[in-house]
Amino acid sequence: MHVYSQKLNKNKIFQSAFRKVNCYDNSVTENFFGLLKQEMYHGNTYYSFDKLQESIEKYIVYYNENVLKRNLVK
């Protein structure tokens, strides 16, 4: 890792994370996109980027306003 970091620095490339990561860092995002693909994308055909973007935006509103988050419930 040290050699890799030196090579990045030499080429003026800077890492955004300075700590060791673990598999849980991205799990919330991975879960969301898995649900999005499963619930609104699979089985549908989008013939334009605008329709796909509109569907994704509607799903995000639905997810944020209607999907009960287990980790928020005590």
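The structure presented is a predicted model; accordingly, all values stated were derived computationally and were not measured.

Parameters and conventions
Residues numbered from 1 in each chain as written. Predicted model: local features only at pLDDT ≥ 70, side-chain atom pairs only at ≥ 80, totals over all residues. Heavy atoms only, no water. Helix = DSSP H or I, 4+ residues; strand = E, 2+ residues; numbered from the N terminus. Buried < 20%, exposed > 50% of the residue type's maximum accessible area, 1.4 Å probe, protein only. Areas by Shrake-Rupley, 256 points an atom, 1.4 Å probe, with all protein chains shown as cover. pLDDT = per-residue confidence, 0-100. Phe/Tyr/Trp six-rings, centres within 6.5 Å; stacked < 30°, edge-to-face > 60°.

## Looking at the overall build of the chain
Logical step 1: Along the chain, the regular secondary structure elements total 3 helices and 0 strands.
Logical step 2: Listing each helix as α and each strand as β along the chain from the N terminus yields α-α-α.
Logical step 3: Expressed as a percentage of the 74 residues in the chain, the buried residues total 9%.
Logical step 4: Here the chain displays about 7300 Å² of accessible surface, and carbon together with sulfur accounts for 56% of that area.

## Concerning the confidence of the model for the chain
Detailed conclusions should not be drawn from predicted coordinates in areas where pLDDT is low.
Logical step 1: Of the residues in the chain, 78% reach a pLDDT of 70 or more, and the chain-wide mean stands at 82.
Logical step 2: Taken element by element, the predicted model of the chain shows its lowest mean pLDDT in helix α2 (residues 27–41) (86) and its highest in helix α3 (residues 49–66) (92).

## Some details on unusual backbone geometry
Logical step 1: Phi at K12 takes a positive value of approximately 55°, unusual for a residue other than glycine.
Logical step 2: Structurally, K12 can be placed in the loop between α1 (2–10) and α2.
Logical step 3: Its relative accessible area of 68% is what places K12 among the exposed residues.

## Notes on the packing of aromatic side chains
Logical step 1: Within this structure, the stated rule accounts for 6 aromatic pairs.
Logical step 2: Considering the side-chain rings of F32 and Y63, the 4.9 Å spacing of their centres and the 75° angle between planes classify their relative orientation as edge-to-face. Of this pair, F32 sits in helix α2 while Y63 is found in helix α3, placing the two residues 31 residues apart along the sequence.
Logical step 3: Owing to a relative accessible area of 13%, F32 belongs among the buried residues under this scheme.
Logical step 4: Judged by centre distance (6.1 Å) and plane angle (10°), the rings of Y41 and Y46 are stacked.

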